[in-house]
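One-letter residues, chain by chain:
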Protein chains: 2
Amino acid sequence: MATHISPKSAGPATTSVISIHELKARCSNCSMRELCLPHGLDQHDLDQLDQLIASRRRLKKGEVLYRPGDPFTALHALRLGSTMTTVLAEDGREQVCGYHLPGDLLGLDGIEAGYHKGQSVALEDSEICALPLDRLEEFARHAPALQRNLHRFLSREIDRDHNMMLLLGSMRAEERLAAFLLNLAHRYKQRGYSSTEFVLRMTREEIGSFLGLKLETVSRLFSRFQQEGLIQTQGRAVKLLDVTALKQLAGQRA
Amino acid sequence: MATHISPKSAGPATTSVISIHELKARCSNCSMRELCLPHGLDQHDLDQLDQLIASRRRLKKGEVLYRPGDPFTALHALRLGSTMTTVLAEDGREQVCGYHLPGDLLGLDGIEAGYHKGQSVALEDSEICALPLDRLEEFARHAPALQRNLHRFLSREIDRDHNMMLLLGSMRAEERLAAFLLNLAHRYKQRGYSSTEFVLRMTREEIGSFLGLKLETVSRLFSRFQQEGLIQTQGRAVKLLDVTALKQLAGQRA
DNA sequence: CGCGCCGTTGATATTATTCAAGACCAGTGG
DNA sequence: CCACTGGTCTTGAATAATATCAACGGCGCG
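Residues and elements named next belong to chain A. Where helix α3 (residues 43-52) meets helix α4 (residues 133-142), the axes come as close as 10 Å, and the angle between the chain directions of the two elements is 160°. What the angle tells us is that α3 and α4 run roughly antiparallel. α4 is crossed by α3, and the crossing has right-handed handedness. Across from Gln 48, Leu 49 and Leu 52 in α3, the residues of α4 making contact are Arg 135, Leu 136 and Phe 139. Residue composition of the contact of α3 with α4, by class: four nonpolar, one polar and one charged.

Taken together, 18 residues lie around DNA strand D, and Ala 173 and Thr 217 of chain A together with Thr 203, Ser 219 and Ser 223 of chain B are the ones closest in. Those elements that place two or more of their residues in the surface near DNA strand D are α8 (215-227) of chain A together with α7 (204-211) and α8 (215-227) of chain B. Of the residues forming the surface near DNA strand D, the biggest block, six residues, is contributed by α8 of chain B. Class assignment for the residues of the surface near DNA strand D results in four nonpolar, six polar and eight charged.

A few words now on the protein's contact with DNA strand C. The environment of DNA strand C is formed by 18 residues, the closest being Thr 203, Ser 219 and Ser 223 of chain A together with Ala 173 and Thr 217 of chain B. Counting only elements with at least two residues in the surface near DNA strand C, the list comes to α7 (204-211) and α8 of chain A together with α8 of chain B. Ranked by residue count, the leading element in the surface near DNA strand C is α8 of chain A, at six residues. A class-by-class count of the residues in the surface near DNA strand C yields four nonpolar, six polar and eight charged.

Another point: the environment of Pro 102 of chain A. Structurally, Pro 102 of chain A is set in the loop between β5 (94-100) and β6 (105-106). The sequence separation of Pro 102 of chain A and Gly 81 of chain A amounts to 21 residues, and the corresponding C-alpha distance is 6.3 Å.

Both copies of the chain are related by a screw-like operation: a rotation about an axis and a shift along it. Expressed as a screw transformation, the operator carrying chain A onto chain B has a rotation angle of 180° and an axial translation of 0.0 Å, and the superposed copies differ by an RMSD of 0.0 Å. Each copy turns onto its partner about a two-fold axis. Taking the C-alpha atom as reference, chain A places Arg 141 of chain A closest to the rotation axis, 2.2 Å from it. Here 100% of the contact residues of chain A are again contact residues in chain B; the copies associate through an equivalent surface.

Contacts between the two partners involve 40 residues from chain A and, on the opposite side, 40 residues from chain B. For the side of chain A that touches chain B, the secondary structure elements donating two or more residues are β5, α4 and α5 (144-170) of chain A. When residues of the side of chain A that touches chain B are assigned to their parent elements, the largest contribution, 20 residues, is made by α5 of chain A. Of the residues in the side of chain A that touches chain B, the class split is 12 nonpolar, 13 polar and 15 charged.

Right, let's get into the packing of α4 of chain A against α5 of chain A. All names here are of chain A. Packing of α4 against α5 leaves a shortest axis separation of 5 Å and a crossing angle of 130°. Taken together, the axis directions place α4 and α5 in an arrangement best described as oblique. Across the interface between the two elements, Leu 136, Phe 139 and Ala 140 of α4 pack against Leu 146, Gln 147 and Leu 150 of α5. Considered class by class, the residues forming the contact of α4 with α5 number five nonpolar, one polar and no charged.

This part takes up the sheet that holds strand β3 (residues 74-80) of chain A. Residues and elements named next belong to chain A. Across the sheet, four strands lie side by side as β1-β8-β3-β6; this open sheet has antiparallel pairing. The sheet is open, and its two borders are formed by β1 (55-59) and β6, each paired with just one other strand. Direction of pairing for β1 relative to strand β8 (residues 126-132): antiparallel, over a ladder of five bridges. Its bridge partner lying in β8, Ser 55 is registered against Ala 130. Against the sheet, α4 touches β3 and β8, its axis set at about 60° to β8.

Before going further, it helps to spend a moment on the confidence of the model for chain A. Interpretation of the predicted coordinates at a detailed level should be avoided for regions scoring low in pLDDT. Per-residue pLDDT for chain A has a mean of 87; in total, 85% of the residues score no lower than 70. In this model residues 1-20 of chain A is a low-confidence stretch, pLDDT under 50, and it forms eight contacts with partners more than four residues away in sequence or in other chains.

Residues and elements named next belong to chain A. Across the seven residues of β3, six count as buried, placing the element largely inside the fold. In terms of strand pairing, β3 meets β8 through six bridges, oriented antiparallel. Residue pairing in the sheet places Leu 80 in a bridge with Glu 127 of β8.

With that out of the way, let us pick up the sheet that holds strand β2 (residues 64-66) of chain B. Spatial strand order, β2-β7-β4-β5 (chain B): four strands in an open sheet with antiparallel pairing. Since the sheet does not close on itself, it has two edges, and those belong to β2 and β5 (94-100) of chain B, each with one partner. Taking the axes of each pair of neighbouring strands and ignoring which way they run, one obtains an average angle of 30° across the sheet. Pairing of strand β4 (residues 83-88) of chain B with strand β7 (residues 118-122) of chain B involves five bridges; the strand directions are antiparallel. Looking across to β7 of chain B, one finds that Thr 86 of chain B is bridged to Gln 119 of chain B. Set on the sheet, α5 of chain A makes contact with β4, β5 and β7 of chain B; between it and β5 of chain B the angle comes to about 120°.

Quick notes on the rules
- Residues numbered from 1 in each chain as written.
- Chains lettered and ligands numbered in written order.
- Predicted model: local features only at pLDDT ≥ 70, side-chain atom pairs only at ≥ 80, totals over all residues.
- Axes fitted to C-alpha atoms, helices over the stretch in contact; angles between N-to-C directions.
- Helix = DSSP H or I, 4+ residues; strand = E, 2+ residues; numbered from the N terminus.
- Parallel < 35°, antiparallel > 145°, perpendicular 65-115°, else oblique.
- Left-handed = near helix turned anticlockwise from the far one by under 90°.
- Contact = placed C-beta atoms within 7 Å.
- Nonpolar A, V, L, I, M, F, W, Y, C, P; charged D, E, K, R; others polar.
- Near = placed C-beta within 6 Å.
- Least-squares fit on C-alpha atoms with pLDDT ≥ 70 in both.
- Pairing = 2+ DSSP bridges.
- pLDDT = per-residue confidence, 0-100.
- Buried ≥ 20, exposed ≤ 12 C-beta atoms within 10 Å, placed from the backbone.

Set out below in structure tokens:
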């Protein structure tokens, strides 16, 4: 594999002119940069990082990024849209174990086995950058800051999962839903969107699977929260009305 | 910090004689080597790895390796014994999120924040090697095999956590306990111990917290499994009598 | 316009928790 | 050596939480 950018633009272009498509494609220019690459990378690092992106994919709603058994070769950086990650039990049971927004890194669980055990599906039209692990590691050997960032990413996922275990293992249904909504609020805020108004990209059933509940329970809770004035919903559109009360429910300090 | 082995043995020793204590301390000689360092490290790598171990600690049963808020500086390799890792919610709720055996790496969730969010406690007298992350990363920059292994470790923890989310989110109490017992069986087997007879180091309450159940439920399930001839128990000593049935219960192919 | 998925709501069933009492067991001190 | 004590474990009965079954309404897409 060459370490250069492979020329992908179809139309004619001089070396001094970068097409809009290419411009959009660069990490150094990506709006999610602050999330993807939190700290310590200088311009030179960023330029190099641009070069290791192997492909940029667009996924339509419902398309699968990877499925169980697919060989693992790269991490995937979600640039735009949202995806849902699931694990499957041998008996076919399915558990949603991640709801990803732009800036998230997907597929981290595939490194160990060399193939994917779970599945990742686009919940809306999405854009994803593939970062081949080999190249990423090679680069990390020369850029301590990126090496640390990679480790931070992996560690963050572990931390996130432990919090999900806490949620699934010791919270009641209403507490789970409150925590779920607050988590989304937090992440939308990080990304510069409204933290109190957003549109869920999952069905009630998917939310239920994520939270270890049945879809009817989720639906009932949405209704109850609305009745109690905590939120306002219209289908998948949610508006948080009483964040303090939600935090109290979720066991978080108000 | 020097990169040399700091002389720790108290008694007199010539440079050509290595005390038993020091000998035991080496990764290259550790019985858990195959688990800690699965693949691709040559002798030179191993020698170097020995040198980055900062300390070796013995923990008595009940002693805490790290607590929430402790600064994160190193990963910890469990050499001997067993530990339990927990996360704490803001409101004080506690969730056991790991039950570790020799060869496991602890504290992976601390990299991101730079401090530990959870807590790790020895369940019996244990021995632990501290691997400072800075040094580990520096070493990884020169040893691709170790770099990959480190990533594999982090990825394995993510994979493990996703399986726990599956267990907590979509299995019934009896299925959870069956899966728990089978998981232990598998790991004891990997380590060269009996896969059908072992001693649990956790109380019923701790097992319950791990599995998202109450201690009474766990106790009742042990009784029922015994009555049904699936296992035989005597306090914390467990003998698996019908692994096939347990697998069926846990939703695994027999 | 109609079909299929999605969401809501009610009635009922099931599962696990809670509350309570007592047995067991190991370690300690008289 | 034995009684005492605190923690752990077991078991039963009542209760609460969530799942299941069922019916229907609505929305979006073809």
